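These are the residues of each chain, in order.
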Amino acid sequence: MPKKYHIDIKPTPLNVKLIPKFKITRGENCINCGKCTKVCIYEAHKRSEQDIRKIADPYMVACRNCFRCIQECPRGALAKGLEPDFQALGGAYWKPDMFLSIWKQAEDGKVPVSGAGYRGPFTGPGFDGMWTDMSEIVRPTRDGIHGREYISTAVELGRKLNHLEFDGSGALVSKIFNVVDVPLPIVFDIPASDLLTSNVKNAMVTAAEALGSFAIFPSAEISPDMQRHMQHIIPLMTPDSIGANTALIQSARVIALEYSGALLENFAAVRRSVRNISSALVIVRINAATGVEDTIVQLTKAGVEIIHIAADYCGMEVQGERYIKDVIRAVHLRLIDERMRDEISIIASGGIGMAEHVPKALLCGADLTAIGLPLLIALGAFVYQQPARKIVMPEGIEKIPVGIARQRIVNLMGAWHSQLLEVMGAMGIREARRLRGETGRAIFFDEIDRETFGKLFQKQESANV
Ligand code: SF4
Ligand code: SF4
């Protein structure tokens with residue numbers, strides 16, 4: 001049996017100001033009995049490190065809203081309310097609770113729980129309008145997913161063979177393509193930004209290395225310090241700058257090129273120029289937009305082996321009105337129709353902000369996903385959608401040691417990996433690569449809504465005419 005993929009998680013608090021959902025105030029009548037420290041299983045209440053006779057201010061990022069401390073305080077000294085700044089975080093897509101969940105996962109690497117159960121809606125736009133089929137959840141071996149049972153979250157980047165050909169003497173004649181294994185279907189997608197201090201960039205790269213994954217960085221952002229980790233960096237560049245990036249290409253296993261009409265016309269020549277430098281795989285990164293599936297078919301015919309479809313930070317097409325989940329489905333089905341699905345790997349990014357979005361993107365047809373914003377949130381960034389996208393990095397971020405920032409990113413991925421194992425175990429799927437395009441194992445709200453109520457309302461509408 002292959003060695004299990006393991007992510008080394010460690011409790012890693014961040015010494016910056018976060019905005020918790022609730023505030024609990026401790027009244028003057030507190031007698032420092034310590035009962036709240038015992039009843040809070042999420043460790044929001046602790047004794048003061050300076051003076052253990054006293055209780056420290058509650059660590060509200062850890063609070064899961066179970067009310068137990070309020071109910072069990074013998075003096076009724078605790079009062080709980082909502083933190084108004086918390087509700088202003090994010091917006092319609094990046095809901096405030098997503099920040100809390102990412103902060104908590106980055107801190108302890110564990111699957112988040114809700115002390116008061118799930119009270120949210122059961123459908124919504126984007127990935128919220130999709131559910132996974134967990135019908136295998138009652139299987140007796142389900143509890144083995146973190147133990148003896150082997151579930152592989154590994155995926156491959158590159159062109160795959162859908163069959164092997166042999167000559168009359170039994171010798172293999174099929175050309176075996178170069179592929180790169182990624183142990184979990186997530187790579188990091190780091191935009192060019194002056195918000196990213198050198199410690200944050202180094203943390204992202206070294207976290208990608210620790211996870212055996214990759215971080216996509218614009219080539220101009222890759223400092224000499226970061227170049228020691230080129231085996232885990234995917235330099236992103238324009239086709240015109242290939243010559244200027246020879247050293248990076250020589251040491252990278254995978255590179256990424258920005259899509260342009262000219263690239264489509266000259267892809268064979270561009271691919272040759274990369275091959276003259278190294279055997280690195282080439283990703284073409286294209287914005288999610290109306291008709292992108294037609295362009296991707298043309299790119300595949302031109303010999304592109306990996307495509308990265310990038311939606312905006314809320315998972316919407318950059319030009320168009322579809323969510324990334326619908327774009328991935330359209331591209332996947334179109335490639336199947338053209339009988340070329342295995343000739344290309346699909347990376348999908350944009351709006352992937354929760355662990356559940358990863359298997360959902362795969363079920364829609366992606367081979368793997370790319371994330372950026374959750375990594376910044378793990379490091380304490382605030383994101384606001386209104387009136388326009390704004391990212392605020394925490395004060396003092398440049399002083400956070402690389403090791404702490406790296407561990408928080410590793411923890412976040414550890415929590416997402418555990419959730420992927422849970423989802424796959426409950427679905428009875430043993431390999432992440434088999435999730436790709438398995439829409440028969442997913443339920444789409446739009447489809448059941450149409451099937452259930454569509455005919456009924458159609459009848460009513462025709463009766464009203
Ligand atoms: S349980 Fe109440 S009285 Fe006891 S330490 Fe906590 S807040 Fe104070
Ligand atoms: S409400 Fe529950 S989770 Fe929050 S601090 Fe009190 S005991 Fe802990």
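Everything quoted here is computed from the prediction, not taken from an experiment. (Residues numbered from 1 in each chain as written. Chains lettered and ligands numbered in written order. Predicted model: local features only at pLDDT ≥ 70, side-chain atom pairs only at ≥ 80, totals over all residues. Heavy atoms only, no water.)

### Re the packing of helix α5 (residues 198–211) against helix α13 (residues 402–427)
Thought 1: Where α5 meets α13, the closest approach of the two axes is 8 Å, and the angle between their N-to-C directions is 45°. The angle between α5 and α13 falls in the class oblique. Classified by chirality, the crossing of α13 by α5 is right-handed. Contacts between α5 and α13 involve Asn199, Asn202, Ala203, Met204, Thr206, Ala207, Ala210 and Leu211 from the former and Val402, Ala405, Arg406, Ile409, Val410 and Met413 from the latter.
Thought 2: Looking at side-chain class alone, the contact of α5 with α13 contains 10 nonpolar, three polar and one charged residues. (Axes fitted to C-alpha atoms, helices over the stretch in contact; angles between N-to-C directions. Helix = DSSP H or I, 4+ residues; strand = E, 2+ residues; numbered from the N terminus. Parallel < 35°, antiparallel > 145°, perpendicular 65-115°, else oblique. Left-handed = near helix turned anticlockwise from the far one by under 90°. Contact = heavy atoms within 4.5 Å. Nonpolar A, V, L, I, M, F, W, Y, C, P; charged D, E, K, R; others polar.)

### Looking at the site of ligand 1
Thought 1: With respect to spatial proximity, the complete set of residues near ligand 1 consists of Arg26, Cys30, Ile31, Asn32, Cys33, Gly34, Lys35, Cys36, Ile55, Cys73, Pro74 and Leu78.
Thought 2: Tallied by class, residues from the shell around ligand 1 come to eight nonpolar, two polar and two charged. (Near = heavy atom within 4 Å.)

### What to know about the packing of helix α4 (residues 96–108) against α13
Thought 1: Across the interface, α4 lies against α13 with an axial gap of 6 Å and an inter-helix angle of 105°. Overall, the two elements α4 and α13 adopt an arrangement that is roughly perpendicular. Residues Ile102, Trp103, Gln105, Ala106, Glu107 and Asp108 of α4 touch α13, and the partners they reach there are Arg408, Asn411, Leu412, Ala415, Trp416 and Gln419.
Thought 2: Of the residues assigned to the contact of α4 with α13, the class counts are six nonpolar, three polar and three charged.

### With respect to the domain arrangement of the chain
Thought 1: With domains assigned, the chain is organised as domain 1 (22–98) and domain 2 (155–446).
Thought 2: Computed over C-alpha atoms only, the centres of domain 1 and domain 2 are separated by 39 Å.
Thought 3: Each partner contributes residues to the interface: domain 1 has eight residues there, and domain 2 has 16 residues.
Thought 4: Between domain 1 and domain 2, the buried area comes to about 900 Å², and carbon and sulfur atoms account for 67% of it.
Thought 5: Its largest share of buried area at the contact with domain 2, domain 1 owes to Tyr93, Trp94 and Met98, together 68% of the area lost on that side.
Thought 6: At the junction of domain 1 and domain 2, the tally comes to zero salt bridges.
Thought 7: At the junction of domain 1 and domain 2, the tally comes to eight residue pairs in polar contact (both at pLDDT 80 or more).
Thought 8: Across the side of domain 1 that touches domain 2, the residue classes break down as six nonpolar, two polar and no charged. (Domains from an automatic or database assignment. Buried area = accessible area lost by both parts, 1.4 Å probe. Salt bridge = Lys/Arg side-chain N within 4 Å of Asp/Glu carboxyl O. Polar contact = N/O pair within 3.5 Å; in protein donor to acceptor, adjacent residues only side chain to side chain.)

### Quick word on a nonpolar patch on the surface
Thought 1: Where nonpolar side chains cluster on the molecular surface, the patch consists of Leu161, Leu164, Phe166, Leu172 and Ile176 and spans about 470 Å² of accessible area.
Thought 2: Mapped onto the elements, Ile176 comes out in the loop between β4 (155–157) and β5 (180–182).
Thought 3: The class for Ile176 is exposed, based on a relative accessible area of 55%. (Patch = residues over 30% accessible without salt bridge, like charges linked within 9 Å, V, L, I, M, F, W, Y side chains within 5 Å. Areas by Shrake-Rupley, 256 points an atom, 1.4 Å probe, with all protein chains shown as cover. Buried < 20%, exposed > 50% of the residue type's maximum accessible area, 1.4 Å probe, protein only.)

### Some points on the pattern of salt bridges
Thought 1: Taken as a whole and judged by the stated rule, the model has 26 salt bridges.
Thought 2: Among the salt bridges present, the one from Glu72 reaches Arg68, with a minimum N-O distance of 3.1 Å. Placement of both Glu72 and Arg68 in helix α2 (residues 68–72) is noted, with a separation of four residues, approximately one turn of the helix.
Thought 3: Judged by its relative accessible area of 28%, Glu72 is partly exposed.
Thought 4: Under the relative-accessibility criterion, Arg68 is labelled partly exposed at 36%.
Thought 5: Notably, a salt bridge pairs Glu338 with Lys301, separated by 3.9 Å at the nearest N-O pair. With Glu338 in the loop between α10 (324–337) and β12 (345–349) and Lys301 in helix α9 (residues 292–301), this residue pair connects regions lying 37 residues apart in the sequence.
Thought 6: Residue class for Glu338 comes out partly exposed when judged on its relative accessible area of 28%.
Thought 7: Look at the salt bridges and you will find they share partners, linking Asp294, Lys301, Arg334 and Glu338 into a network.

### Remarks on the site of ligand 2
Thought 1: Residues in close proximity to ligand 2 include Ile24, Cys40, Tyr42, Ala44, His45, Cys63, Arg64, Asn65, Cys66, Phe67, Arg68 and Cys69, which together make up its full environment.
Thought 2: The residue makeup of the shell around ligand 2, split by class, is eight nonpolar, two polar and two charged.

### Brief notes about the side chain of Arg271
Thought 1: Within the element layout of this structure, Arg271 appears in helix α8 (residues 267–275).
Thought 2: Relative accessible area serves as the criterion here: at 7%, Arg271 is assigned to the buried category.
Thought 3: Leave out the neighbours within four places in its chain, and Arg271 touches Ala280, Leu281, Val282 and Glu305.

### Regarding the state of the cysteines
Thought 1: If you walk through the whole model with that rule in mind, you get zero disulfides.
Thought 2: Left unpaired, Cys364 is separated from the closest cysteine sulfur, that of Cys314, by 18 Å.
Thought 3: Look at Cys364 and you get buried, because its relative accessible area is 1%. (Disulfide = S-S within 2.5 Å.)

### Some remarks on the nonpolar core
Thought 1: Trp94, Trp103, Phe188, Ile307 and Trp416 are the most contacted members of the largest nonpolar core, which has 131 residues in total.
Thought 2: Among the elements that take part in this core, α13 stands out by supplying 12 residues, more than any other.
Thought 3: No fewer than three residues from each of domain 1 (22–98) and domain 2 (155–446) sit in this core.
Thought 4: Counting 15 residues, the second-largest nonpolar core is a separate cluster that includes Ile24, Cys36, Ala44 and Cys69. (Core = buried A, V, L, I, M, F, W, Y, C linked by side-chain atoms within 4.5 Å.)

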